[in-house]
Amino acid sequence: MKFRAFQQVDVFTDTAFLGNPLAVVLDGTGLSDAQMQTFAAWTQLSETTFVLPPTPDGAARGADYRVRIFTPGAELPFAGHPTLGTAHAWLKAGNTPRQPGVLMQECGVGLVTLKQLGERWAFAAPPLTRSDISAGELVPVLAALGLDASEVIVAQNLNNGPHWLGLLVDSVDTVLALEPDHVALKKLGTKVGVAARRQETPGGLIRRANREARAFAPSTRIANDPTDLEVRAFAAPVGIAEDPVTGSLNASLAQWLMDDGHMPATYSARQGTMLGRAGQVFLSQDAQGQVWVGGDVVGCIQGSVSL
């Protein structure tokens, strides 16, 4: 065991303790899978990350660092709030990216690009695979959530590394009233993201041809203007009943909802309301169709950990 540089940060918030906390071990060299998993279970945070040098292949392709991401119960190939939080901690530790304003992270899904957009960093949403879910498959999930089928507008299986069942429901009130049976969701092995538009878009669906890519709004936008989407994430199968703010889920939701015309090319999402958090996620699709997921990060603890 040795002392390793350590930070704990709060992600998707500009105010400490209102986002999603992340533990970052800035030197994971020499640690076994079991040691990483044990420490992640001990922190009891939704995710803990370990920074490593890139693999030879990753370095050849431009990676600045490699990260391994653990929940209390399993390793993830990708996750959003650990991506932003690790980048913040890595930069705070005095590291310099190869290319100014751009970071290249190597993780389980491959290389993920981060860009600095104003004062906020954003990551490129990994490619999304999605598919319909049958009414029969949906029945036990809705029962575990306490939802009626009539309250669901659309549903999709979403996979950008982590797999989520995404539900767009009829109102924010429906989202906030959910009291899921987490034991049932764990038995089903299903992670579920539930979202609702804060207000209907005039004229119904946003037509893809009329989308306009815009820069991210400043961080004061949420304080002065309601967010566009309310989100909750239930992840009992990986040991987390409800995640405060989830980058991978919001990335998947954005790619799906933008593509199918349910949300515009730029919007903001709120998550964590029922946990006393005020997570803010900023989603934007550029002219090439790439979705970017941005958020603020605040440092909370800095020191070392014996591992």
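Relevant structure appears above.
Since this is a predicted model, take the numbers as computed values, not measurements.

**Q** I keep staring at the pattern of salt bridges and nothing clicks. Help me out?
**A** Charged atoms that come close allow side chains of opposite charge to pair. A complete count under the given rule lists eight salt bridges for this structure. One salt bridge in this structure joins Asp 57 and Arg 61, with 3.5 Å as the shortest N-O distance. For Asp 57, a relative accessible area of 47% puts it in the partly exposed group.

**Q** Even after reading the chapter, I still don't get the nonpolar core, so can you show me in this structure?
**A** Generally speaking, a soluble globular protein has its nonpolar side chains buried in company with each other. Judged by nonpolar contacts, the single largest core of 50 residues is most densely connected at Leu 229 and Val 293. In terms of residue count, the dominant contributor to this core is helix α8 (residues 247–259) (seven residues). Listed in part, the 20 residues of the second largest apolar core include Ile 133, Val 141, Leu 147 and Val 172.

**Q** I would appreciate a short explanation of the packing of aromatic side chains in the present structure.
**A** Two descriptors summarise a pair of aromatic rings, namely the distance from one centre to the other and the angle between the planes of the rings. A full pass over the atoms with the stated rule returns six aromatic pairs. Considering the side-chain rings of Phe 6 and Phe 39, the 6.2 Å spacing of their centres and the 85° angle between planes classify their relative orientation as edge-to-face. Of this pair, Phe 6 sits in strand β1 (residues 3–11) while Phe 39 is found in helix α1 (residues 33–43), placing the two residues 33 residues apart along the sequence. Neither residue differs from the other here; Phe 6 and Phe 39 are each classed as buried. Here the aromatic rings of Phe 39 and Phe 50 are separated by 6.3 Å at their centres, their planes lie at 70°, and the arrangement is edge-to-face. In this pair, Phe 39 sits in helix α1 while Phe 50 sits in strand β3 (residues 48–52), placing the two residues 11 residues apart along the sequence. The pair Phe 39 / Phe 50 is uniform in exposure class, with both members buried.

**Q** Would you mind going over empty space enclosed by the protein with me for this structure?
**A** Gaps between atoms show up when a probe of the same size as a water molecule is rolled over them. Under the counting rule described, the total for this entry stands at one cavity of 30 Å³ or more. As for the largest cavity, its lining consists of 19 residues, and the residues nearest its centre are Glu 47, Leu 76, Trp 164, Asp 243 and Thr 246. Listed by contribution, the elements that provide at least two residues to the lining of the largest cavity are α3 (80–92), β14 (240–243) and α8. Across the lining of the largest cavity, the residue classes tally to 10 nonpolar, six polar and three charged.

**Q** Sorry, what's going on with the pairing of strand β15 (residues 266–271) here?
**A** Two faces make up the sheet, and in a regular strand the side chains alternate between them. Alignment of strand β13 (residues 229–235) against β15, held across three bridges, turns out to be parallel. Looking at β15, one finds that Val 231 is bridged to Gln 271. When β15 meets strand β16 (residues 279–285), the two strands line up antiparallel, connected through six bridges. By the bridge assignment for β16, Ser 268 is matched with Phe 282.

**Q** Would you mind showing me how to read α1 here?
**A** An α-helix turns once every 3.6 residues. As a result, residues three or four positions apart point the same way. What α1 keeps buried is the set Met 36, Gln 37, Phe 39, Ala 40 and Thr 43. All buried residues of α1 project into a common sector of 165° when viewed along the axis, lining one side. Those residues of α1 that are exposed and aimed more than 90 degrees away from the buried face are Ala 34, Thr 38 and Trp 42. Residues of α1 that are buried sit in contact with β1, β2 (20–25), β3, β4 (65–70), β5 (75–76) and β18 (297–306). Backbone geometry just after α1 places Gln 44 at a positive phi near 60°.

**Q** For this particular structure, what's the right way to read the side chain of Thr 43?
**A** Of note, Thr 43 is situated in helix α1. A distance of 2.9 Å separates a polar atom in the side chain of Thr 43 from the backbone oxygen of Ala 40. Each residue touching Thr 43, except ones within four places of it in the same chain, is listed here: Ala 23 and Thr 48.

Rules used in this analysis
Residues numbered from 1 in each chain as written. Predicted model: local features only at pLDDT ≥ 70, side-chain atom pairs only at ≥ 80, totals over all residues. Heavy atoms only, no water. Salt bridge = Lys/Arg side-chain N within 4 Å of Asp/Glu carboxyl O. Buried < 20%, exposed > 50% of the residue type's maximum accessible area, 1.4 Å probe, protein only. Core = buried A, V, L, I, M, F, W, Y, C linked by side-chain atoms within 4.5 Å. Helix = DSSP H or I, 4+ residues; strand = E, 2+ residues; numbered from the N terminus. Phe/Tyr/Trp six-rings, centres within 6.5 Å; stacked < 30°, edge-to-face > 60°. 1 Å grid on protein atoms, 1.4 Å probe; cavity = no way out; pocket = protein on both sides within 12 Å on 5 of 7 lines; lining within 4 Å. Points joined across faces, edges and corners; volume = space filled by probe spheres on them. Nonpolar A, V, L, I, M, F, W, Y, C, P; charged D, E, K, R; others polar. Pairing = 2+ DSSP bridges. Arc of directions from axis to C-beta. Contact = heavy atoms within 4.5 Å. Polar contact = N/O pair within 3.5 Å; in protein donor to acceptor, adjacent residues only side chain to side chain.

Read these as geometric descriptors, not functional statements.
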